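# A look at the structure
The residues making up each chain are set out below.
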Amino acid sequence: MKIVLLALALFMVSSLKAEDGYDLWLRYHKITNPTLLAQYKKQIGTPVVLGNSQTISIIKAELSRAFAGLTGTSYRVLSSLNTASSFIAGISTSPVISSIVKKEELDSIGPEGFIIKAKPGKTIITSNTDIGLLYGVFHFLRLLQTQQPASNLNVISSPELTLRLLNHWDNLNRTVERGYAGFSIWNWHTLPDYIDNRYIDYARANASIGINGTVLTNVNANATILTRPYLEKVKALADLFRPYGIKVFLTARFSAPIEIGRLKTADPLNDTVQRWWKEKIKEIYSYIPDFGGFLVKANSEGQPGPQDYKRTHADGANMLADAVAPHNGIVMWRAFVYDPGSNDRFKQAYEEFKPLDGKFRKNVLVQVKNGPIDFQPREPFSPLFGAMPQTPLMMEFQLTQEYLGQGTHLVYEAPLFKEVLNADTYAKGKGSTVAKVINGSMDNFPMTGMAGVSNIGNDINWCGHPFGQANWYTLGRLSWDLDLPAGQIADEWIKQTFTSDRKAAGVIKNIMINSREALVNYMTPVGLTHIMYNGHHYGPMPWGNTLNRPDWNPVYYHRADSFGIGFDRTSTGTNALAQYSKEVQEQFSDINKCPDEFLLWFHHAAWDHKMHSGRTLWNELCYKYNTGVDSVRSFIRQWNSLENYIDEDRFTQVQQLLNIQLKDAIWWRNACLLYFQTFSRMPIPANYEQPDKSLEYYKNIRILFAPGNAPVP
Ligand code: GCW
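All of the points below concern the structure found in this document. Just so it is clear, the model here is predicted, and its values are computed rather than measured.

## Things to note about the environment of Tyr-287
- Along the chain, Tyr-287 falls in helix H10 (residues 271-287).
- The spacing of Tyr-287 and Ala-203 is 84 residues in sequence and 20 Å in space, taken between C-alpha atoms.
- Other than its neighbours up to four places away in sequence, Tyr-287 contacts Arg-228, Leu-231, Glu-232 and Lys-235.

Take a look at the structure:
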């Protein structure tokens, strides 16, 4: 018996080939369940893909690769029908399709949607365009990879948002601002002549989850990208990405007319400046006829912008919008601004943008970060959502984990994204969720979007931490369908990326689903925010008070004193709450009703304030910090139970990273509790682990070369 078990264990281990993560969620490993395998083989039968274009060739290649991997049998994907054709993919104009799929169905899916119909032994995938067909094919392959039944399907699907984008904060010298996965995947030096296979795999991966655009360059922009030699490089990428349905966008440095155009000004109302941009944009379109347009960070953190000339954000955005409009381009203008004009950084984006509602051209979207401050572990939704009914607002989430443990912590972000999307703005009564603001349904906008600040670099596994890929995957899937539950996205990703073993997949899902709350607990519980280390933002620095802008210092955010802790944003404080609708204000303004997880976002609460849990605020902090640490311990135990289910390389990699995460969680807990204790003067309850080092020890920790913090060239 023992020998049999040992042999079985050895077999399991040796059958799991080392994986480096490069294949992402497109591994196409062989289906081991014999019933499913037989069903899939029957559905595939003799596959045919109709049509003739680069995209169609891509579809054929993907299907051959996937079918061979999933079934262990090689397939030739044919180009024309015969009587045996059992799997048919083709756009709606093919007669065989129009005889099966109803016109109303095709009309309902728009240019990017798709339809899949299957009955035993027959599968039809169709759409109105080749790109829609590509999405449909990837959807079908996802069903197979996640081992769903495939012999009885009636899928009619189209994307909820029109712009589903990655924002790369990649510099031209290949450093990546807030990048934790190596250098930029864009090798500007060897482009346009050298085409790295990664560019193609990047496009495949994005297409497989419906991402249809990429902003190649950092929002802290360098005008050089707009010069001829660089446009040739951009063109090479755009040509590669086009057949995958991916449009290329660039960041526009507002002062480009001065820096590369030798003008004296970049004033958006100046004729010469306007003419310069028109010419420049014409040149861009001569290289890239379907260029998407610009993403702009202006008058924020030292970036140039229209306010340098006493003009508004609308003046700046409209000038660029007018120049790209004849080419069908768009402008995404970021609302991430916080010049210290008011008494609370929370309020600044709203104060600058709300008055501009209705003043932007039709081809402008305002891109808003999910929260009012900056991608913290937990923020209330930005009060701009619901406050600009005449302006399409797009969502900006951060996939790269700048404030979420960076490249070493396992944090699945879908629960964070869903929390924001489901938040109710009450802008038009109950049910006016953030999701309804950004999907355009509340105010009737045809152009909608969501962007994720990319976590991709040139590390072999793309995202550094093996679980970082899940956040990229989430961006694609959620921007296609905002209703997808975090759990379902995790299920899909785990099965495709790691294993479809039910028990193992369940364990991984449990870790993922709880990971964000664990991080909140060991970093910033009860509504604490922005108490990370200066500059690189890795590790705790709640005592930080040395930077010359007050709103860059942690003490600005937590305001701890002998009375208590937290930022009073009610009417007795900065009254930032007034930026929300009445109903939202009511949820937060009463200190006794405010949900515990947002307490310190809105109140300066006494150390002995009674929480909903029944504990005092101080004891709650101690409890939460310890719970966060315990959660990571439990992640480690759970992960360790998977040794026989995951290939050794990825198993060990995650295991080591989880150990770093635990060390960091303990560092966070001890440093924060010891520091806050200097104000509360209360003991850490004896039932918790006591810090084994002094506050001085933690204050003296220096992480000098944390990644992602390179100065912008
Ligand atoms: O959170 C801050 C980051 C900056 C970033 C900025 C932004 C690109 O620390 O690195 O700059 O946000 O979003 O513009």
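From this point, things continue past the structure.
## Re the site of the ligand
- In the vicinity of the ligand there are 15 residues, among which Glu-177, Lys-297, Lys-369, Asp-374 and Glu-402 approach most closely.
- Between Asn-220 and the ligand, the recorded distance is 3.2 Å, taken from a side-chain N or O atom to an oxygen atom.
- One of the side-chain N or O atoms of Lys-297 is found 2.6 Å from an oxygen atom in the ligand.
- Contact with the protein chains removes 98% of the 340 Å² of surface that the ligand exposes when unbound.
- Partitioned by chemical class, the residues of the shell around the ligand number 4 nonpolar, 3 polar and 8 charged.

## Focus: the packing of aromatic side chains
- One pass over the structure, following the stated rule, counts 43 aromatic pairs.
- Centroid distance Phe-588 to Phe-602: 4.6 Å. Interplanar angle 25 degrees. Geometry classified as stacked. Note that Phe-588 is positioned in helix H19 (residues 582-589) and Phe-602 in helix H20 (residues 599-602), a separation of 14 residues in sequence.
- With a relative accessible area of 0%, Phe-602 lands in the buried category.
- Summarising the aromatic geometry, the rings of Trp-639 and Phe-651 are spaced 5.9 Å apart at their centres and angled 10 degrees between planes, so their arrangement reads as stacked. Of this pair, Trp-639 sits in helix H21 (residues 617-640) while Phe-651 sits in helix H22 (residues 648-680), and the two are 12 residues apart along the sequence. Comparing Trp-639 with Phe-651 shows no difference in burial state: the two are buried.
- Following the ring pairs from residue to residue traces out a cluster consisting of Tyr-22, Trp-25, Trp-186, Tyr-199, Tyr-202, Phe-241, Trp-462, Trp-472 and Tyr-473.
- A cation sits over an aromatic face here: Arg-549 above Trp-552, 5.1 Å from the ring centre.

## A short note on empty space enclosed by the protein
- On inspection of all chains with the given rule, the structure shows 8 cavities of 30 Å³ or more.
- Taken as a whole, the largest cavity spans an internal volume of roughly 130 Å³.
- In terms of residues, the lining of the largest cavity owes the most to one element, helix H12 (residues 345-353), which gives 4 residues.

## Details of the pairing of strand S6 (residues 163-167)
- When you tally the buried positions in S6, you get 5 out of 5 residues, the bulk of the element.
- Every second residue of S6 is oriented toward a common face, with Leu-163, Leu-165 and Asn-167 on one face and Arg-164 and Leu-166 on the other, all of them buried.
- Strand direction decides the pairing type here: S6 and strand S13 (residues 449-453), joined by 5 bridges, are parallel. Each residue of the ladder has a partner; that of Asn-167, found in S13, is Val-453.
- As paired elements, S6 and strand S7 (residues 213-215) share 3 bridges and run parallel to each other. Paired with Leu-166 across the strands is Thr-214, a residue of S7.
- In this fold, S6 hands off to helix H7 (residues 197-208), which returns the chain to S7; that crossover is right-handed.

## Topic: helix H11 (residues 313-324)
- Its 12 residues give H11 an end-to-end C-alpha distance of 17 Å, which sits within 8% of 16 Å, the value for a rise of 1.5 Å per residue.
- Along H11, 10 of the 12 residues are buried, which leaves the element largely enclosed by surrounding structure.
- Among all positions of H11, only His-313, Ala-314, Gly-316, Ala-317, Asn-318, Met-319, Leu-320, Ala-321, Ala-323 and Val-324 are buried.
- Its buried side turned inward, H11 meets H10, strand S9 (293-296), strand S10 (330-334), H12 and strand S11 (364-369).

Here is what the cut-offs are and how they apply
- Residues numbered from 1 in each chain as written.
- Predicted model: local features only at pLDDT ≥ 70, side-chain atom pairs only at ≥ 80, totals over all residues.
- Heavy atoms only, no water.
- Helix = DSSP H or I, 4+ residues; strand = E, 2+ residues; numbered from the N terminus.
- Contact = heavy atoms within 4.5 Å.
- Near = heavy atom within 4 Å.
- Polar contact = N/O pair within 3.5 Å; in protein donor to acceptor, adjacent residues only side chain to side chain.
- Areas by Shrake-Rupley, 256 points an atom, 1.4 Å probe, with all protein chains shown as cover.
- Nonpolar A, V, L, I, M, F, W, Y, C, P; charged D, E, K, R; others polar.
- Phe/Tyr/Trp six-rings, centres within 6.5 Å; stacked < 30°, edge-to-face > 60°.
- Buried < 20%, exposed > 50% of the residue type's maximum accessible area, 1.4 Å probe, protein only.
- Lys NZ or Arg CZ within 6 Å of the ring centre and 35° of its normal.
- 1 Å grid on protein atoms, 1.4 Å probe; cavity = no way out; pocket = protein on both sides within 12 Å on 5 of 7 lines; lining within 4 Å.
- Points joined across faces, edges and corners; volume = space filled by probe spheres on them.
- Pairing = 2+ DSSP bridges.
- Right-handed = clockwise from strand over helix to strand, strands pointing away.
- Expected span 1.5 Å × (residues − 1).

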